[in-house]
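A closer look at the structure
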Amino acid sequence: MLAARFNWVKAVATCDHPSYRSLRFTPQKSSSSQNAGGLFPLTGSSRHPAHALYAEHHAWLVAWLRRRLGDGADAADLAQDTFLRLLLGDRAPDRIGPQPRALLTHIAKGLMVDHWRRKDVERAYLDAISHLPPAQAPSGEDRLILIESLMRIDAVLGQLPRQTREIFLLAQLDGLTLQQIADCTGVAVITVRRHVKRALIACMAAA
């Protein structure tokens, strides 16, 4: 399913997909770029629960992530994102229970899945534009926008019902008309239209 969705890369890599402009998203700044000092005060009051949690478990989490990712920089970024996710979540740092590392690894595992998915999208994107002459290759800023767009589209499509997703991809990637989709799926044209509309609304809602 993920491989099929990566066909979006070839459709939008050169910004010529008919739905590209309506699905173009503004990239969000990575949480790891935020000022960690403001969220985890390492000076001043050492009694802050977030400071104590960060000081005690940060180095351990970085090492845990490095063993699984094989990259120190990625491990440091995901460790920072893990603590930010915890701090910004519903559970206060001083109320996470007696085994904080279990919760930290649970959050980190989810972030690793997102990290690997992004790497897959980036590889597919670079492969799709590898044939372009340098003058036609998207700029660094456009690449960031496109990759962020593809990540969010992929997440949206993954949450849709299977039939809605398949019909939407037939329309957007294969360029089939509503009638052609109805003929090959055995679904009424009006139902096909509803599935396409639902998927488009879902994609636009993620903007």
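Please read these numbers as outputs of a predicted model, since none were measured by experiment.

1. What to know about the overall build of the protein
Of the regular secondary structure elements, the protein holds 11 helices and zero strands. Starting at the N terminus and ending at the C terminus, the protein contains elements arranged as α-α-α-α-α-α-α-α-α-α-α. Sequence separation of 24 or more characterises 69% of the internal contacts of the protein that already satisfy a separation of 6 or more.

2. So, helix α8 (residues 140–159)
Its 20 residues give α8 an end-to-end C-alpha distance of 29 Å, which sits within 8% of 28 Å, the value for a rise of 1.5 Å per residue. Among the residues of α8, those classed as buried are Ile145, Leu146, Ile147, Glu148, Ser149, Leu150, Met151, Ile153, Asp154, Val156 and Leu157.

3. What to know about the pattern of salt bridges
Under the counting rule described, the total for this entry stands at five salt bridges. Of the charged contacts in the structure, one is a salt bridge between Asp154 and Arg117, with a shortest N-O distance of 2.9 Å. With a gap of 37 residues between them, Asp154 in helix α8 and Arg117 in helix α7 (residues 100–129) connect regions that are remote in the sequence. A residue is classified by how much of its surface remains accessible, and Asp154, at 4% relative accessible area, is buried. Two residues, Arg123 and Asp120, come together in a salt bridge whose shortest N-O distance is 2.4 Å.

4. Some remarks on the side chain of His57
Residue position: His57 is located in helix α5 (residues 49–69). Engagement of the side chain of His57 in a polar contact is seen with the side chain of Arg101, the distance being 2.9 Å. Not counting chain neighbours up to four residues away, the residues in contact with His57 comprise Phe83, Pro100, Arg101 and Leu104.

5. Here's the deal with the nonpolar core
In this structure, Leu61, Trp64, Leu65, Leu78, Phe83, Leu86 and Met112 are the most contacted members of the largest nonpolar core, which totals 18 residues. Elements represented by at least two residues in this core include exactly α5, α6 (72–87) and α7. Ranked by residues supplied to this core, first place goes to α5 with seven residues. With 17 residues, the next largest nonpolar core counts Val156, Leu169, Ile181 and Ala182 among its residues.

6. Side note on the packing of aromatic side chains
In this structure the tally under the stated criterion is one aromatic pair. Aromatic pair Tyr54 and Phe83: ring centres 5.0 Å apart, planes at 65°, arrangement edge-to-face. Of this pair, Tyr54 sits in helix α5 while Phe83 sits in helix α6, placing them 29 residues apart in sequence. Per residue, the accessibility class of Tyr54 equals that of Phe83, and both read buried.

7. Regarding the packing of α6 against α7
Their axes nearest at 9 Å, the elements α6 and α7 cross at an angle of 125°. Viewed along their axes, α6 and α7 adopt a mutual orientation that is oblique. Where α6 crosses over α7, the two elements pack in a sense that is right-handed. Contacts from Asp74, Leu78, Asp81, Thr82, Phe83, Arg85 and Leu86 of α6 reach α7 at Leu103, Leu104, Ile107, Ala108, Leu111, Met112, His115 and Lys119. For the contact of α6 with α7, a count of residues per class yields nine nonpolar, two polar and four charged.

8. Thoughts on the packing of α7 against α8
Taken N-terminus to C-terminus, the directions of α7 and α8 make an angle of 125°; their axes are 10 Å apart at the nearest point. Overall, the two elements α7 and α8 adopt an arrangement that is oblique. Read as a crossing pair, α7 and α8 show a hand that is right-handed. Where α7 abuts α8, its residues Asp114, Arg117, Arg118, Val121, Glu122, Tyr125, Leu126 and Ile129 lie against Arg143, Leu144, Leu146, Ile147, Glu148, Leu150, Met151 and Asp154.

Rules and cut-offs
- Residues numbered from 1 in each chain as written.
- Predicted model: local features only at pLDDT ≥ 70, side-chain atom pairs only at ≥ 80, totals over all residues.
- Heavy atoms only, no water.
- Helix = DSSP H or I, 4+ residues; strand = E, 2+ residues; numbered from the N terminus.
- Contact = heavy atoms within 4.5 Å.
- Expected span 1.5 Å × (residues − 1).
- Buried < 20%, exposed > 50% of the residue type's maximum accessible area, 1.4 Å probe, protein only.
- Salt bridge = Lys/Arg side-chain N within 4 Å of Asp/Glu carboxyl O.
- Polar contact = N/O pair within 3.5 Å; in protein donor to acceptor, adjacent residues only side chain to side chain.
- Core = buried A, V, L, I, M, F, W, Y, C linked by side-chain atoms within 4.5 Å.
- Phe/Tyr/Trp six-rings, centres within 6.5 Å; stacked < 30°, edge-to-face > 60°.
- Axes fitted to C-alpha atoms, helices over the stretch in contact; angles between N-to-C directions.
- Parallel < 35°, antiparallel > 145°, perpendicular 65-115°, else oblique.
- Left-handed = near helix turned anticlockwise from the far one by under 90°.
- Nonpolar A, V, L, I, M, F, W, Y, C, P; charged D, E, K, R; others polar.

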